[in-house]
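# A structural walkthrough
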Amino acid sequence: MNVCAVGRVASLTALIGLATLALAANARADAHATVIAEIERHARAHGVSVGVSALHLPSGRRVQVNADEKFPLASTYKVPMAAYALHLVGEGELALDQLIEVKTDDLVVSSSITRLFPHPGIQLSLLNLMEATLIQSDNTATDVLLRTVGGGEAVTDWLEASGIDGMRVDRNTADLIRDYMQIPRSNGSMAQQYEALDFDDLQEADWIGFYDALLADPRDQGTPNAMAQLLAGLWQDAYLDAAYGETLREIMARCLTGRARLSGRMPEQQLPLAHKTGTLGGTVNDVGVISLPDDGGTLVIAVYARGASTLEAEAGERAIAEVSRTLYDYFLFSEE
């Protein structure tokens, strides 16, 4: 074969290679557009709007839907609280085994501590407070934890110093619920105030007003992208010493709430999932990290569902479950 023929073959091979790459790139773009359309279809089917940020580690591939839009964090804001507490442990300012008093004024609704230990004399270690906060979403444990680390402003400052924009922690759960329900702050525990409420007097218009005010309030809100960035960094030891990062990951892997959410439509075999849920008014959330099978990598998912003021949790949960399964299939089966 002469030199000219060799050159023509080489050029043809290069052209075929470029065409193959172009076809592959178009196929990836089509698959990406399809998965976004499917997520939006699930949201419409359940009457919610969703914010989604999914990040595949280590490839860095992403799927984002309304990912820079602010949503009420609800109890997902307990993740940065616990992470900051572990940061302070790493700095030597706190210790996992130090005992912290749970005061009667700390008692909040949606708390096993409040139900089981309503009397003075309770002390819990910092580690136990984090366990109750993340595993059971215990509001009393959360507020004692937040008080111990210096309040919401300290957590938000740490997030900003860590390069995480678009997420803020402002209030403890007692004040968050008080503000949502328009309950005046007063002496005594929030649990006592809540028990004294007469819910029979509340009409649909009241609940709509509560939720509209929550959505308009910038406090304790965050974007799916900010949460995904935080989770990715916690799984890659970017924000904590490795030992403390592992402590957080192990606790989140034992979360007992929201089993119908991120894992609700996953394959029957138990997937390794570490996550944290949040629910308040018409907001239903779940954020976490899934280990894909067959060395498929790690998938970070933050899904925030927002509906009407009286959204049934089941509707948001079904939307989250279907979005999560869509993302699972996409990242597991689509080619890089």
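Source: prediction; values computed, not measured.

The subject of this paragraph is the pairing of strand β9 (residues 298-306). The element β9 is extensively covered by neighbouring structure, given that nine of its nine residues are classed as buried. For strand β1 (residues 49-57) and β9, the ladder comprises nine bridges, and the chain directions are antiparallel. The residue of β9 that forms the bridge with His56 is Leu299. Looking at chain direction, strand β8 (residues 283-291) and β9 are connected through nine bridges and run antiparallel. In the sheet register, Val287 faces β9, and the bridge partner there is Ala302. Counted between consecutive antiparallel strands, the loop separating β8 from β9 contains six residues, among which Asp294 sits at a positive phi close to 55°.

Looking now at the confidence of the model for the chain. Per-chain confidence: the chain averages 91 in pLDDT, with 89% of residues scoring 70 or above. Predicted confidence for residues 18-25 stays below pLDDT 50, and this span has zero contacts to residues more than four positions away or in other chains.

Attention shifts here to helix α5 (residues 139-149). With nine of 11 residues buried, α5 lies mostly within the body of the structure. The inward-facing, buried residues of α5 abut α2 (78-90), β4 (99-102), α3 (112-116), α4 (126-135), α6 (152-161) and α7 (173-181). Measuring from the side-chain oxygen of the N-cap residue of α5 to the backbone nitrogen of Thr140 gives 3.0 Å; that N-cap residue is Asp138. Once α5 ends, the next one or two residues include Gly150, with phi positive near 110°.

Cut-offs used in this document
Residues numbered from 1 in each chain as written. Predicted model: local features only at pLDDT ≥ 70, side-chain atom pairs only at ≥ 80, totals over all residues. Heavy atoms only, no water. Buried < 20%, exposed > 50% of the residue type's maximum accessible area, 1.4 Å probe, protein only. Helix = DSSP H or I, 4+ residues; strand = E, 2+ residues; numbered from the N terminus. Pairing = 2+ DSSP bridges. pLDDT = per-residue confidence, 0-100. Contact = heavy atoms within 4.5 Å. Polar contact = N/O pair within 3.5 Å; in protein donor to acceptor, adjacent residues only side chain to side chain.

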